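Analysis of the macromolecular model
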Amino acid sequence: MEQNVGKVDRLVRIALGAGTGAASLAILSGMVAAPPVLSLALGVVALIALGTAATSTCGLYSVLGVSTCPRDRSA
C-alpha cells in the first residue's frame, strides 16, 4: 500500500495510541473505575492508532482518497 499518513498525522496517532493504551491498562489494573469493555475498546483504538503510525498507511484514508503526506516536488 502507498503511504498516506504524513509526519504530523503520525505524531498525533502515536500520542493518541499511547494515551488510549495507558488508559486501557489503567482500567485493567483497577486504577480507574470503568467497565472492562471500555478497556478493550481503548486497547483496540490504541493498536489501530499505533499500527497506522508505524506503517504510515491508513486504510480509511485509502478508501476516502485522503493523504496527509507531502506531495513529491520533483514531478
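Turning our eyes to something else, we now look at the overall build of the protein chain. Of the regular secondary structure elements, the protein chain holds 3 helices and 0 strands. When the elements of the protein chain are put in sequence order from the N terminus, they spell out α-α-α. For 75 residues, the compact-globule formula gives about 11 Å, and the C-alpha radius of gyration of the protein chain, at 15 Å, lies well above that figure. Considering only C-alpha atoms, the protein chain reaches an extent of 55 × 20 × 15 Å along its principal axes. Taken over 75 residues, the protein chain has a buried fraction of 28%.

Within the secondary structure, Thr55 is located in helix 2 (residues 36-55). With a relative accessible area of 46%, Thr55 lands in the partly exposed category. Measuring from C-alpha to C-alpha, the distance between Thr55 and Val5 comes to 8.5 Å, with 50 residues separating the pair along the chain.

Where nonpolar side chains cluster on the molecular surface, the patch consists of Val37, Leu38, Leu40, Val44 and Ile48 and spans about 470 Å² of accessible area. Structurally, Leu40 is set in helix 2. Note on Leu40: relative accessible area 58%, which makes it exposed.

With 95% of its residues at a pLDDT of at least 70, the protein chain reaches an overall mean of 92. The least confident element of the protein chain, judged by mean pLDDT, is helix 3 (residues 59-64) at 92; the most confident is helix 1 (residues 7-29) at 97.

Structurally, the position occupied by Thr20 is in helix 1. For Thr20, a relative accessible area of 12% translates into the label buried. Of the polar contacts made by the side chain of Thr20, one reaches the backbone oxygen of Leu16; its length is 2.9 Å. With residues up to four places along the chain from it excluded, the contact list for Thr20 reads Leu42, Val45 and Ala46.

Moving on: helix 2. For an α-helix, 3.6 residues make a turn, and residues three or four places apart therefore share a direction. Taking 1.5 Å of rise per residue, 20 residues should cover 28 Å, and helix 2 covers 29 Å from first to last C-alpha, within 8% of that figure. In the core, the buried residues of helix 2 are packed alongside helix 1. At the exit of helix 2 stands Ser56, carrying a positive phi of roughly 55°.

Criteria and thresholds
Residues numbered from 1 in each chain as written. Predicted model: local features only at pLDDT ≥ 70, side-chain atom pairs only at ≥ 80, totals over all residues. Heavy atoms only, no water. Helix = DSSP H or I, 4+ residues; strand = E, 2+ residues; numbered from the N terminus. Rg over C-alpha atoms; globule rule 2.2 N^0.38 Å. Buried < 20%, exposed > 50% of the residue type's maximum accessible area, 1.4 Å probe, protein only. Patch = residues over 30% accessible without salt bridge, like charges linked within 9 Å, V, L, I, M, F, W, Y side chains within 5 Å. Areas by Shrake-Rupley, 256 points an atom, 1.4 Å probe, with all protein chains shown as cover. Salt bridge = Lys/Arg side-chain N within 4 Å of Asp/Glu carboxyl O. pLDDT = per-residue confidence, 0-100. Polar contact = N/O pair within 3.5 Å; in protein donor to acceptor, adjacent residues only side chain to side chain. Contact = heavy atoms within 4.5 Å. Expected span 1.5 Å × (residues − 1).

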